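Fold and geometry: a report
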Amino acid sequence: MLLASIVVLAGIYALLGSGFVIIYKASRILNFAHAEIVMLAGYLAVSLAVAIPFSAASLLAVLCFCFVLGMSIYAILIRPLAGYSVLSAIILTVAVGVLLNAVGVFVWRGEMEVIPFGWRTYFSLPGNIRLSSIEFATLGIVTLFYACMGLFYRFTKIGQQMRATAENPLLAAQRGISIYRISGIAWGIGFAAAGLAAFLLGINYAISLQIGNIAVAAFVVALIGGLDSLLGTIPAAFIIAATEQLTITYANPRLGDAIPFIIMLMVLMFKPWGLLGTKEELDRV
Amino acid sequence: MKSDSNKLLEVTKLEVVYNHVSTAIQGVSFNICEGQIFAIIGGNGAGKTTTLRAISGFLNSDNAVITDGEIKIRDRSINMLKPQDITRQTGIVLVPERNKVFETLTVQENLAVPTSIGKRAKETIQNIYTYFPSLYERRKSLAGLLSGGERQMLAIGQAMLCSPELLLIDELSLGLSPVMVEALFEILLKIKADFGLSILLVEQNAMEALSIAEYAAVMENGMIVLAGTPEKLMAHEDVKEFYLGIRGKEKKRYKDVKQYSRTRRWWG
């Protein structure tokens, strides 16, 4: 049971962390509205699941909504700030978060809701591990997401351009790549990742106004993995999920929330750029 | 210089100021004709790179602005264009001095990212490999693992895929062995002939640059102080002394060179 819950939590953490990473990679901006996107997407998934009983359809609708929301926020709010201090864009994301939080409270009144998931059964795996269908689906979706992202970055032209832009935006622009378009798509994908994570949180646990708090732990995951490394989120998510669950089970449950930050301090002391992050060059003076 | 009818790039009285205070170049004027190799030579801090970055639209990212003058390509002013639009709309493509390739992408991916190659991408890339066979051998390795010469080849190859009309090359010879520089210049001449390009070279290596250029200018302290055909410049006493290292009768040490004051010959 413990192993299963660690793996599921790690999967969700990784997914949440990947949203930070994808956006940071493309635009060097930390999106502090991530937690609120998760909350909003979660509530939307709840409402849609009531309207459209078939989970896959409502999930797809949520993902599309998040993608469009991400692209729009980038195009309307973030892009005009290009060329100014990155800090103002980051503060802007905080403001967007507050705004979205208000929308969540206004529309859904902050009640705790569970996303209904029709398929319920148990799988027995060797080693006396039992996985519920929900946990099984969660792991499947997370694996599929990472596989798709890997193929996207590696083989599609937009993915390659995204990597190129992340490494050297100036050269990318000179090679005719529209870096705004690329960043906009990255924001869309980052938001969609948040939406996917919200759906998984909704079927595994429940959606509430405080669900965003889990995104704080995911921020830590992104930092530990390296802010510009999608692959880094996987080991980082496992480390955080395992230590957190083990602490809650065998030590004091109240320590659970503090554990990610303690781990973060320890990792960043020795690897300031995260486990798999690239050292950023200092600007030429 | 050739007649005005085939003028490709026209830079008039260009002035660039960094951080609102420091003037990097002033009154820089020159023309590049179609199919011409134009070289700008000069020491560190002479304003060569600034001139290139002004033409390629990169100044904004350096916190610099064009405060005076105009850059025109085919009679169209490009002062206000963004870097990606300059590449797409005008055919001016820059090969920068540093960070010239995407190091985390493979050679093949580096050649695939430019947007202008459309449906016939494979053939076009294959065509580039014919000029740089050693790149083809290393097409699957990361660009960050290439040698300096191979990186330069990749950067030129990548620039070629942006369908350039005017190639701007910043310090082609920097950090490369003389043999490699010669080989690169040879390939460049071949590319120029095959594609009908114009090339603007910015070089500290005056000897190499003057050997392939058809017209050249010498920059000092942000101004063009001399210009003419390579033969004319190579015969010039100051150029010989300061850029080609050919000394006159009396031997001078570096200290003396610095104190030696020249009369500026203004051009343009």
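Chains are numbered independently. Their residues run from 1 in the order of the written sequence. Whichever chain is written first becomes A and whichever ligand is written first becomes 1, with later ones labelled in order. Reporting in this predicted model follows two pLDDT cut-offs: at least 70 for local features of residues, and 80 or more for side-chain atom pairs to be given and counted; totals over whole chains, interfaces and linings ignore these cut-offs and use all residues. Remark: hydrogens and water are excluded; side-chain values derive from all non-hydrogen atoms of the structure.

Next up on the list: the overall build of chain B. Secondary structure counts use DSSP, requiring at least four H or I residues in a row for a helix and at least two E residues in a row for a strand, with both numbered from the N terminus. Counting secondary structure elements, chain B contains 11 helices and 10 strands. Within chain B, the fraction of its 268 residues that count as buried is 53%. Here, two residues are considered to be in contact whenever any of their heavy atoms come within 4.5 Å of each other. Excluding contacts between residues fewer than 6 apart, the proportion of contacts in chain B whose partners are at least 24 apart in sequence is 67%. For every accessible area listed, the method is Shrake-Rupley and the probe measures 1.4 Å; residues are considered covered only by the protein chains on display. Accessible surface, chain B: about 12700 Å² in total, of which carbon and sulfur atoms supply 50%. The classification of residues rests on relative accessible area computed with a 1.4 Å probe and restricted to protein chains. Under 20% of the type maximum is buried, over 50% is exposed, and intermediate values are partly exposed.

Each side of the interface is counted separately: chain A has 21 residues, and chain B has 31 residues. If you sort the residues of chain A by the area they bury against chain B, A:Glu167, A:Gln174 and A:Arg175 come out on top, with a joint share of 32%. By salt bridge we mean one thing: a side-chain nitrogen of Lys or Arg within 4 Å of a carboxyl oxygen of Asp or Glu. Applying the counting rule to chain A against chain B returns 2 salt bridges. The partner of A:Arg163 in a salt bridge is B:Glu109, with the nearest N and O atoms 2.8 Å apart. Mapped onto the side of chain A that touches chain B, the elements with two or more residues apiece are helix 6 (157-167), helix 7 (169-174) and helix 8 (179-204) of chain A. What counts as buried area is the accessible surface, traced by a 1.4 Å probe, that two parts surrender upon association, with contributions from both included.

This brings us to the layout of surface pockets. Residue and element names in this part refer to chain A. Empty space within the second largest pocket amounts to approximately 580 Å³. If you go around the second largest pocket, you meet 28 residues; those closest to its centre are Leu9, Tyr13, Tyr205, Ile214 and Glu244. At the level of elements, helix 1 (2-27), helix 5 (133-155), helix 8, helix 9 (213-225), helix 10 (233-250) and helix 11 (259-270) are the ones that each hand at least two residues to the lining of the second largest pocket. With a 1 Å grid spanning the protein atoms alone, the term cavity applies to any set of points in which a 1.4 Å probe fits but cannot get out, the term pocket to an open set with protein on both sides within 12 Å along at least five of seven lines, and the term lining residue to any residue with an atom within 4 Å of a point. Grid points are joined across faces, edges and corners, and a volume is the space filled by probe spheres set on the points.

On to the pairing of strand 2 (residues 22-33) of chain B, then. Here, strands pair whenever DSSP counts at least two bridges between them. Two strands pair when backbone bridges link them, and strand 1 (residues 7-18) of chain B and strand 2 of chain B are joined in this way by 8 bridges, in the antiparallel orientation. Within strand 2 of chain B, the position partnered with B:Lys7 by the bridge is B:Cys33.

This part takes up the pairing of strand 6 (residues 92-95) of chain B. All names here are of chain B. On strand 6, burial covers both faces: Ile92 and Leu94 on one face and Val93 and Val95 on the other are all buried. In terms of strand pairing, strand 6 meets strand 7 (residues 166-170) through 4 bridges, oriented parallel. Bridging across to strand 7, valine 95 finds its partner in isoleucine 169.

Below, the discussion takes up the confidence of the model for chain A. Known as pLDDT, the predictor's per-residue confidence is scaled from 0 to 100. Per-chain confidence: chain A averages 87 in pLDDT, with 97% of residues scoring 70 or above. In this model, residues 281-285 of chain A is a region of pLDDT below 50 whose contacts with residues beyond four sequence positions or in other chains number 3 contacts.

All names here are of chain A. Only the stretch in contact is used when fitting a helix axis, every axis being a line fitted to C-alpha atoms; angles between N-to-C directions are given from 0 to 180 degrees. At a closest axis distance of 9 Å, the pairing of helix 2 (residues 34-51) and helix 4 (residues 86-108) adopts a crossing angle of 25°. Classified by the angle their axes make, helix 2 and helix 4 are roughly parallel. Judged by the sense of rotation from one axis to the other, the crossing of helix 2 with helix 4 is left-handed. Of the residues in helix 4, those in contact with Glu36, Ile37, Met39, Leu40, Tyr43, Leu44 and Ser47 of helix 2 are Gly97, Leu100, Asn101, Val103, Gly104 and Trp108. When describing relative orientation, an angle under 35 degrees is termed roughly parallel and one over 145 degrees roughly antiparallel, while 65 to 115 degrees is termed roughly perpendicular and anything else oblique. For a crossing to be left-handed, the near helix must be turned anticlockwise from the far one by less than a right angle; the clockwise case is right-handed.

A few words on the domain arrangement of chain B. Residues and elements named next belong to chain B. Domain delimitation in this document rests on an assignment produced automatically or drawn from a domain database. The domains assigned to chain B are domain 1 (4-235) and domain 2 (236-268). At the interface, 22 residues of domain 1 touch 11 residues of domain 2. Counting the surface domain 1 buries against domain 2, the share from its top three residues, Glu220, Val225 and Leu226, is 29%. Scanning the region where domain 1 abuts domain 2 turns up 0 salt bridges. Under this definition, polar contacts are N or O atom pairs within 3.5 Å; protein pairs additionally need one hydrogen-donor-capable and one acceptor-capable atom, and for neighbouring residues in sequence, both atoms have to be side-chain atoms. The tally of links between domain 1 and domain 2 comes to 3 residue pairs in polar contact (both at pLDDT 80 or more). Breaking the side of domain 1 that touches domain 2 down by element, the ones donating at least two residues are strand 2, helix 8 (206-212), strand 9 (215-220), strand 10 (223-228) and helix 9 (230-235). Residue classes in the side of domain 1 that touches domain 2 are distributed as 16 nonpolar, 4 polar and 2 charged. Throughout, the ten residues Ala, Val, Leu, Ile, Met, Phe, Trp, Tyr, Cys and Pro are labelled nonpolar, Asp, Glu, Lys and Arg are labelled charged, and all others, Gly among them, are labelled polar.

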